[in-house]
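Topology and contacts: notes
Listed below are the residues making up each chain.
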Amino acid sequence: MSAVQPVRGTHDLIGEEQRRHAHVVDTARTVTGLYGFEEWSTPIFEETAVFARSLGDTSDVVSKEMYTFPDRGGESLTLRPEGTAAICRALVTNGLTQSLPQKVFYTGPMFRYERPQKGRYRQFHQIGAELIGPAEPVADAEAIAMGRDVLGALGIADDVTLELNTLGDPESRAAWRKALIDYFSDFRDRLSQDSQDRLDRNPLRILDSKAPEDRALLPDAPMLADYLNDHSRRFWDGLRTALQAFGVPFVENPRIVRGLDYYSHTAFEFVTTRLGAQGTVLAGGRYEGLVAEMGGPQTPAIGWAGGVERLAMLLENAPEKEAPVVVIPVGDAAEAPAIGVLTRLRYAGLRSEMAYRGNLKKRMERANRVGASHVVILGEAEVAKGVVQLRDLSSGEQSEISVDRLIETLGEAPLRATVREYLGAILPPGLSAGEGA
Ligand code: ATP
Ligand code: MG
């Protein structure tokens, strides 16, 4: 049998890649926490109706990118292509529509049947945030500032530009839509096939087209700015004022329309020039009708999603793997005492491993291979004296110290309170974590 391959457009996360990935997710979780957001997790698949809604969604995601399949009971299910619809479904099914605002952070894999290329996969991961309830533009500014802070905390704020637009309210958009249809109808033959279909179903989508023949027609297309009503104009002004108060720089880009259909007013993208065509790293907007489509009341919300793979690629350095301490017993009689030392190191919060195969040379090689900072060697003589040989692998210095002094010398690593509590509870008698026994 030939070797089994991963599915096209999917990838394993191992080593440095996984560390980059985890760093993006951990950072986003921490920063959104500072803004009062709480993490939700929803299932990876949903009834297809959650994503392909009754209103007839014309986005690329819903019209051609979804992984939809009947399950064995004949029900149509879809692997989630994005998080927002599922969060709104969860808001409704968990009876939270009267407990607003809800500030939700989520992360996890998303699935889209796209042509795989750098920064574009069929299974990819998002970090995302939804601020559900507030109707004021200051909420949009706060959500955007939070996105900016995630990028800042990742050290990539200088690599991205915030592009901002308004889509107006439904009334403004209807007037603009009509003007777009009039304009593009005159050039119907010059539009891509996709955009000819879009013209009938959702002409706004044409503005988001990546086809060169479509893009050539965009510069002269009608601008929403000329069709905004008073309410939409006030919202747009309020957003820009609040963004300045949050200290978030932006450029206005009337071409930002977003991939999904349910947005109104605010639409934004953080883009970089460092990833070629796949330059949008975090994007979102305000949406009004989605909670109602899930069977809840009309509920305003603002949210964004970031692509973890693209953000991970932008990180200057992959987070280092923490260097372990490697414990090396020499001789059978030293093995049990070595396990005692190993346990004590771990309970003091120090990443530690034991090398238990081969002769001393082999075991030293192993310590080097895992990038150890120190090795702790103990043979029968050491066990008898209650000492160990501590070797610093960067300086090469070796000294004999008592087991009790070992942790003091290596320094205690900060441990999460819950871990410390657990370790304190299970600590065998005679092994105190950290205090040097
Ligand atoms: P694009 O214009 O690049 O197709 P999109 O508008 O479809 O993006 P969203 O639905 O807004 O993207 O998803 C938010 C973020 O998720 C994107 O900005 C991007 O960083 C990431 N993303 C979207 N699709 C993919 C994919 N197939 N592979 C990797 N990352 C993706
Ligand atoms: Mg897309």
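Residues numbered from 1 in each chain as written. Chains lettered and ligands numbered in written order. Predicted model: local features only at pLDDT ≥ 70, side-chain atom pairs only at ≥ 80, totals over all residues. Heavy atoms only, no water.

A short note on unusual backbone geometry
Between Leu100 and Pro101 the backbone carries a cis peptide bond, its omega angle lying at 0 degrees. For His265, which is not glycine, the phi torsion reads 55 degrees and is therefore positive. Looking at the secondary structure, you find His265 in strand E9 (residues 263-272). His265 gets classed as buried once you look at its relative accessible area, which sits at 2%. (Helix = DSSP H or I, 4+ residues; strand = E, 2+ residues; numbered from the N terminus. Buried < 20%, exposed > 50% of the residue type's maximum accessible area, 1.4 Å probe, protein only.)

What to know about the packing of aromatic side chains
For the structure on display, the rule yields 5 aromatic pairs. Both rings, one in Tyr183 and one in Phe184, keep their centres 5.0 Å apart while their planes meet at 70 degrees; by these two values the pair is edge-to-face. Taken together, a centroid distance of 6.4 Å and an interplanar angle of 90 degrees make the contact between Tyr263 and Tyr287 edge-to-face. Highlighted residues: Tyr263 in strand E9 and Tyr287 in strand E10 (residues 280-287), separated in sequence by 24 residues. Cluster of aromatic residues (ring-pair linked, three or more members): Tyr183, Phe184 and Phe187. (Phe/Tyr/Trp six-rings, centres within 6.5 Å; stacked < 30°, edge-to-face > 60°.)

Quick notes on empty space enclosed by the protein
In total, this model carries 1 cavity of 30 Å³ or more according to the counting rule given. Empty space within the largest cavity amounts to approximately 30 Å³. Lining the largest cavity we find Val341, Arg344, Leu345, Val403, Leu406 and Ile407. When residues of the lining of the largest cavity are traced back to their parent elements, those giving at least two are helix H12 (335-347) and helix H15 (403-410). Partitioning the lining of the largest cavity into residue classes produces 5 nonpolar, no polar and 1 charged. (1 Å grid on protein atoms, 1.4 Å probe; cavity = no way out; pocket = protein on both sides within 12 Å on 5 of 7 lines; lining within 4 Å. Points joined across faces, edges and corners; volume = space filled by probe spheres on them. Nonpolar A, V, L, I, M, F, W, Y, C, P; charged D, E, K, R; others polar.)

Considerations on helix H1 (residues 16-34)
The end-to-end C-alpha distance of H1, which contains 19 residues, comes to 27 Å, matching closely the 27 Å that a straight helix rising 1.5 Å per residue would cover. Here the buried face of H1 lies against strand E5 (102-111), strand E6 (123-132), helix H5 (137-153), strand E11 (301-307) and helix H11 (308-314). (Expected span 1.5 Å × (residues − 1). Contact = heavy atoms within 4.5 Å.)

Focus on the environment of Ile401
By secondary structure assignment, the location of Ile401 is in strand E16 (residues 398-402). As a C-alpha pair, Ile401 and Ala135 span 266 residues in sequence and 64 Å in three-dimensional space. Beyond its immediate sequence surroundings of up to four residues, Ile401 is in contact with Val387, Val388, Leu390, Leu406 and Thr409.

A closer look at the packing of H12 against H15
With their axes 11 Å apart at the nearest point, H12 and H15 run at an angle of 35 degrees to one another. The chirality of how H12 crosses H15 is right-handed. Touching Val341, Arg344 and Leu345 of H12 are Val403, Asp404, Leu406, Ile407 and Leu410, all from H15. Here the residues of the contact of H12 with H15 sort into 6 nonpolar, no polar and 2 charged. (Axes fitted to C-alpha atoms, helices over the stretch in contact; angles between N-to-C directions. Left-handed = near helix turned anticlockwise from the far one by under 90°.)

Examining the site of ligand 1
Near ligand 1 you find 14 residues, and of these Arg112, Glu114, Arg120, Arg258 and Thr280 are the closest. With respect to ligand 1, the side chain of Arg112 contributes an N or O atom lying 2.7 Å from an oxygen atom. Mapped by element, the contributors of at least two residues to the shell around ligand 1 are E6, E10 and E11. Along the lines of polarity and charge, the residues of the shell around ligand 1 split into 4 nonpolar, 4 polar and 6 charged. (Near = heavy atom within 4 Å. Polar contact = N/O pair within 3.5 Å; in protein donor to acceptor, adjacent residues only side chain to side chain.)

Comments concerning the UniProt feature "binding site: L-histidine" (unreviewed entry) in the chain
Feature annotation in UniProt assigns "binding site: L-histidine" (unreviewed entry) to the following positions: Glu82, Gly83, Thr84, Arg112, Gln126, Glu130, Arg258, Tyr262 and Tyr263. For Gly83, the location among the structural elements is in the loop between strand E4 (76-79) and helix H4 (84-93). Taking the relative accessible area as the measure of exposure, Gly83 reaches 4% and is therefore buried. Once residues lying within four places of it in the same chain are set aside, the contact partners of Gly83 are Tyr106, Met110 and Gln126. Among the secondary structure elements, Gln126 is positioned in strand E6. When sequence neighbours within four positions are dropped, the list of residues in contact with Gln126 reads Glu82, Gly83, Tyr106, Thr107, Gly108, Met110, Arg112, Ala305, Gly306 and Val308. (UniProt positions renumbered as here; feature names shortened; annotations may be inferred.)

Things to note about the domain arrangement of the chain
Structurally, the chain comprises domain 1 (16-169 + 229-314) and domain 2 (325-426). Using only C-alpha atoms to locate each centre, domain 1 and domain 2 end up separated by 46 Å. (Domains from an automatic or database assignment.)

Describing the pattern of salt bridges
A complete count under the given rule lists 17 salt bridges for this structure. In this structure, Arg29 engages Glu39 in a salt bridge whose closest nitrogen and oxygen atoms are separated by 2.6 Å. Pair noted here: Arg29 is in helix H1 and Glu39 is in strand E1 (residues 38-39), with a separation of 10 residues, a long-range link. For Glu39, a relative accessible area of 34% translates into the label partly exposed. Where salt bridges share partners, they join Asp26, Arg29 and Glu39 into one cluster. (Salt bridge = Lys/Arg side-chain N within 4 Å of Asp/Glu carboxyl O.)

A few points about the environment of Arg233
Within the secondary structure, Arg233 is located in helix H9 (residues 230-245). With relative accessibility at 37%, the residue Arg233 sits in the partly exposed group. What Arg233 contacts, discounting residues up to four positions off in sequence, is Ala225 and Leu228.

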